[in-house]
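# Structural features, examined
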Amino acid sequence: DCDDGSDEPGTSACSDVSPASTFFCPNVGHVAIDIHSSKVNDGVCDCCDGSDEWMGDHCKHSSCRQFALDLLKHDQAALE
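Please read all numbers here as calculations on a predicted model, not as lab measurements.

### Section: the environment of glycine 29
- Its location among the elements puts glycine 29 in the loop between strand S1 (22-25) and strand S2 (33-36).
- Remark: the alpha-carbon pair of glycine 29 and leucine 69, spanning 40 residues in sequence, is separated by 9.8 Å.
- With near-sequence residues (within four places) excluded, glycine 29 lies in contact with Cys64, Arg65 and Ala68.

Written out as structure tokens, the structure is:
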């Protein structure tokens with residue numbers, strides 16, 4: 001067990017280690033991000049794949065694909 005919690009990526013197991021602890025959102029189908037661990041299981045879907053809200057059922061549907069498509073459309077429009 002690492003003192004800095006680096007051995008627990010993708011979990012909030014070490015969220016008490018540091019106020020700057022982060023949770024890794026894989027966001028399958030889009031861009032992976034880190035969020036503050038205090039946002040895990042807070043009732044808000046901060047990760048588009050819902051990985052930060054595994055205790056509830058309100059993030060069942062991934063919005064990552066739609067986010068990726070929207071970003072692609074935005075980028076294409078910017079190039080025109």
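Right, picking up where we left off after that structure.
### So, the environment of valine 44
- You can see valine 44 is positioned in the loop between S2 and helix H1 (64-79).
- Considered as a pair, valine 44 and glycine 56 are twelve residues apart in the sequence and their alpha carbons are 9.9 Å apart.
- Those residues within four positions of valine 44 in sequence are excluded, and the remaining contacts are Lys39, Asp52, Glu53 and His58.

### Details of the nonpolar core
- Core analysis: the biggest nonpolar cluster contains five residues, these being Phe23, Cys25, Ile35, Val40 and Cys47.
- Residues within four places of isoleucine 35 in sequence aside, it is in contact with Ser21, Thr22, Phe23, Cys25, Asp46, Cys47 and Asp52.

### Here we look at unusual backbone geometry
- Backbone geometry places asparagine 27, a non-glycine residue, at a positive phi of 45 degrees.
- With a phi angle near 55 degrees, asparagine 41 is a residue other than glycine that sits in the positive phi range.
- Note that asparagine 41 resides in the loop between S2 and H1.

### Observations regarding the state of the cysteines
- Across all of its chains, the model carries two disulfides by this definition.
- Residue pairing for cysteine 25: its cysteine sulfur links by disulfide to cysteine 47, the two sulfurs lying 1.8 Å apart. Here the disulfide of cysteine 25 and cysteine 47 is left-handed, its torsion about the S-S bond being about -45 degrees. In this pair, cysteine 25 is assigned in strand S1 and cysteine 47 in the loop between S2 and H1, connecting sequence segments 22 residues apart.
- When its relative accessible area of 0% is taken as the criterion, cysteine 25 is described as buried.
- Judged by relative accessible area, which is 1%, cysteine 47 ranks as buried.
- The disulfide that involves cysteine 48 links it to cysteine 64, with 2.0 Å between the sulfurs. Because the sign of the S-S torsion sets the handedness, a value of about 100 degrees for the bond joining cysteine 48 and cysteine 64 places this disulfide among the right-handed ones. With cysteine 48 in the loop between S2 and H1 and cysteine 64 in helix H1, the pair connects residues that are 16 residues apart, well separated along the chain. Cysteine 64 carries the same exposure label as cysteine 48, and that label is buried.

Definitions and limits used
Residues numbered from 1 in each chain as written. Predicted model: local features only at pLDDT ≥ 70, side-chain atom pairs only at ≥ 80, totals over all residues. Heavy atoms only, no water. Helix = DSSP H or I, 4+ residues; strand = E, 2+ residues; numbered from the N terminus. Contact = heavy atoms within 4.5 Å. Core = buried A, V, L, I, M, F, W, Y, C linked by side-chain atoms within 4.5 Å. Buried < 20%, exposed > 50% of the residue type's maximum accessible area, 1.4 Å probe, protein only. Disulfide = S-S within 2.5 Å.

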